[in-house]
Structures are given as structure tokens and as C-alpha cells.
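# Observations on chain architecture
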Amino acid sequence: QVQLVESGGGLVQAGGSLRLSCAASGLTFSYYDMGWYRQAPGKEREFVAAIAWSGENTYNADSVKGRFTISRDNAKNTAYLQMDNLKAEDTAIYYCNLRGSNAAGLNRNYWGQGTQVSVSS
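Rules of the game
- Residues numbered from 1 in each chain as written.
- Predicted model: local features only at pLDDT ≥ 70, side-chain atom pairs only at ≥ 80, totals over all residues.
- Heavy atoms only, no water.
- Disulfide = S-S within 2.5 Å.
- Helix = DSSP H or I, 4+ residues; strand = E, 2+ residues; numbered from the N terminus.
- Buried < 20%, exposed > 50% of the residue type's maximum accessible area, 1.4 Å probe, protein only.
- Pairing = 2+ DSSP bridges.
- Axes fitted to C-alpha atoms, helices over the stretch in contact; angles between N-to-C directions.
- Core = buried A, V, L, I, M, F, W, Y, C linked by side-chain atoms within 4.5 Å.
- Contact = heavy atoms within 4.5 Å.

## Structural notes on the state of the cysteines
Counting across every chain of the model gives 1 disulfide. Residue C22 pairs covalently with C96 via a disulfide, S to S 2.1 Å. Taking the sign of the S-S torsion, about -80° here, the bridge from C22 to C96 comes out left-handed. Of this pair, C22 sits in strand β3 (residues 18–25) while C96 is found in strand β9 (residues 92–100), placing the two residues 74 residues apart along the sequence. Side by side, C22 and C96 carry an identical accessibility label, which is buried.

In C-alpha cells, the structure reads:
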């Protein structure tokens, strides 16, 4: 059974930092491109950041550029989202997503359960 387990969420003050983790099991982690998404109460899900299977290429939403850093460690089957200078508008449930890479030729997509990030002013 494929599992994506997210951790690292919590309550922080504006300007603080959190580091989210997404640990994968039941699949070959390096076959997948990885992304972070978030959804705030009453709002639609939005893209946050993505990283290619090799870690070579990364992509960031304009709202988090310069503040968030996505990374991955394929040897540990884990991806990360380092969040610095957090703002109240970053409050949301953050989801880990794995999508089969073109290189692997996979047509699969998986989601984690989400972890809550709350930023107070």
C-alpha cells in the first residue's frame, strides 16, 4: 500500500519558520516528481512548489518565492518544504503530492493526508 506521511506542521508566529516533511513508502520514490499544495479555509487548493524526480529542477509559486524552499532526499524517500518568514496568509493545510515522472513512464498520482500550518499575528 502506498503511503505518504506528512509531518512538521504546527502553530508559529508571523516571521517564524517551519520545516515540513513527506515520507513515502510502498513506491520507488525517485520515479516521481513531487509537489506541495495548500488549501486554506474557504479557499481553493493552490500550488506551492514542485521538484523534479532528480532534484535538479524546482518551481515555486509567486506567493512563496524567496521564502519557501523545496528539496528531496531520494535515499531517504523523503521530501521537504522549508518555510521561512511565514505570514498569516500562509495558514492552510499543506499536502504532499507525487506524480509519476516522464522518465519513469508512470501514469500514477498520490496524495498525502495533509498537515496543518497555522501562522498567528
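Next comes the rest of the write-up.
## With respect to the sheet that holds strand β1 (residues 3–7)
Taken in spatial order, the 4 strands line up as β1-β3-β8-β7 in an open sheet, and their pairing is antiparallel. The open sheet terminates on both sides in strands that have one partner only, identified here as β1 and β7 (68–73). This sheet shows a mean twist of 15° between the axes of neighbouring strands, independent of strand direction.

## Regarding the nonpolar core
Nonpolar side chains in soluble globular proteins tend to end up buried together. W36, L81, M83, Y94 and L98 are the most contacted members of the largest nonpolar core, which has 30 residues in total. Residues in contact with M83, not counting those within four places in the same chain, are G16, S17, L18, L20, R67, F68, Y94 and V117.

Read these as geometric descriptors, not functional statements.
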